[in-house]
Amino acid sequence: YTGQSLTLTFAIDPLGGSGGARLALDEVSLGSTAPDLWVDGGLPPSSPPDAVFGLAVQAGNRGGGQAAGATLTVSLPVGLSYAGADPLPLTTGPFVVWQLPAMPGGAPAPTIALTLSVDSGAAGAVLTPSFMIASATPELELVNNTWQASLFIGYRVHLPAAKAP
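Conventions we followed
Residues numbered from 1 in each chain as written. Predicted model: local features only at pLDDT ≥ 70, side-chain atom pairs only at ≥ 80, totals over all residues. Heavy atoms only, no water. Phe/Tyr/Trp six-rings, centres within 6.5 Å; stacked < 30°, edge-to-face > 60°. Helix = DSSP H or I, 4+ residues; strand = E, 2+ residues; numbered from the N terminus. Buried < 20%, exposed > 50% of the residue type's maximum accessible area, 1.4 Å probe, protein only. Pairing = 2+ DSSP bridges. Axes fitted to C-alpha atoms, helices over the stretch in contact; angles between N-to-C directions. Patch = residues over 30% accessible without salt bridge, like charges linked within 9 Å, V, L, I, M, F, W, Y side chains within 5 Å. Areas by Shrake-Rupley, 256 points an atom, 1.4 Å probe, with all protein chains shown as cover. Salt bridge = Lys/Arg side-chain N within 4 Å of Asp/Glu carboxyl O. Core = buried A, V, L, I, M, F, W, Y, C linked by side-chain atoms within 4.5 Å. Contact = heavy atoms within 4.5 Å.

(A) Up close: the packing of aromatic side chains. If you walk through the whole model with that rule in mind, you get one aromatic pair. When the centroid spacing of 5.1 Å and the interplanar angle of 65 degrees are considered together, the rings of Phe 131 and Trp 147 count as edge-to-face. Highlighted residues: Phe 131 in strand β11 (residues 130-134) and Trp 147 in strand β12 (residues 146-148), separated in sequence by 16 residues. One exposure class covers both Phe 131 and Trp 147, and it is buried.

Put into C-alpha cells, the structure is as follows:
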C-alpha cells in the first residue's frame, strides 16, 4: 500500500474503567498509548542455610504511556524472610510491597536493594520467590509483570576427580 490512501474505520464499545482505545498497525499507532511494566530480580542460584544475602530488584516502564499508581510486590515463600531494603517498603512479611512513583514511558523505576534471610530449617529446599509489578493504568502486555527464580538452599560440594591407579 505504499503511496496509496487507506481508510480504516473502527468502532469501540468502551466499558467503564477499561482505559483508552488503541489500534496498532506495524509502525503506525493510533489512539492512546499504554504502559508496559516489567520487573526483574537478581537472585543467586543458591544460598547456604541461615545466611543473609542481598539482591537488586529492577523494574520500569517500556511502553509509551505513563504508568500511574504502580506497586511492586515480592512474595516470599516459607524459608525466606525479609531482612531489610532500600528504599523501605510499605509492608513486610511474606508479601513485601513498595508503592512506586508514576513512571513515564521508557522510564526505569528506582532500583530496590533487598536483603533476605534464609531460615536454618530450609536446608535442601528449593525456594521460589516471585516478583510482581502492577499499575492502576491498564496494560496490554502483562507477561513481563511477573518474575520468578528458584533458589537452592544448601551447600554445593565439588569433589576432585580421582585418578584410577
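(B) Inspection of the sheet that holds β12 at higher detail. In space, the four strands of this open sheet follow the order β8-β6-β11-β12, with antiparallel pairing throughout. Each edge of the open sheet is held by one strand with a lone partner, namely β8 (95-99) and β12. Direction aside, neighbouring strands of the sheet carry axes that sit 15 degrees apart on average. Across three bridges, the pairing between β11 and β12 is antiparallel. For Phe 131, the partnering residue across the bridge sits in β12 and is Trp 147.

(C) Just a nonpolar patch on the surface, in detail. Taken together, the side chains of Tyr 155, Val 157 and Leu 159 define a hydrophobic patch exposed on the protein surface, amounting to about 410 Å² of accessible area. Among the structural elements, Val 157 can be located in the segment after β13 (151-153).

(D) Broad picture of the environment of Thr 33. By the secondary structure assignment, Thr 33 is in the loop between β2 (28-31) and β3 (37-41). The class for Thr 33 is partly exposed, based on a relative accessible area of 44%. Separated by 72 residues in sequence, Thr 33 and Gly 105 place their C-alpha atoms 9.1 Å apart.

(E) Broad picture of the nonpolar core. Residues Trp 98 and Leu 114 are the most contacted members of the largest nonpolar core, which totals 31 residues. Secondary-structure elements contributing two or more residues to this core are β3, β5 (52-61), β6 (71-75), β7 (80-86), β8, β9 (112-118), β11 and β13. The contacts of Trp 98, once residues within four sequence positions are left out, are Ala 70, Thr 71, Leu 72, Val 74, Ala 85, Pro 87, Leu 88, Pro 89, Leu 90, Ile 112 and Leu 114.

(F) Local environment of the sheet that holds β13. The sheet built from three strands is open, its strands ordered β4-β13-β10 with mixed pairing. Only two strands of the sheet have a single partner each, and these edge strands are β4 (46-47) and β10 (126-127).

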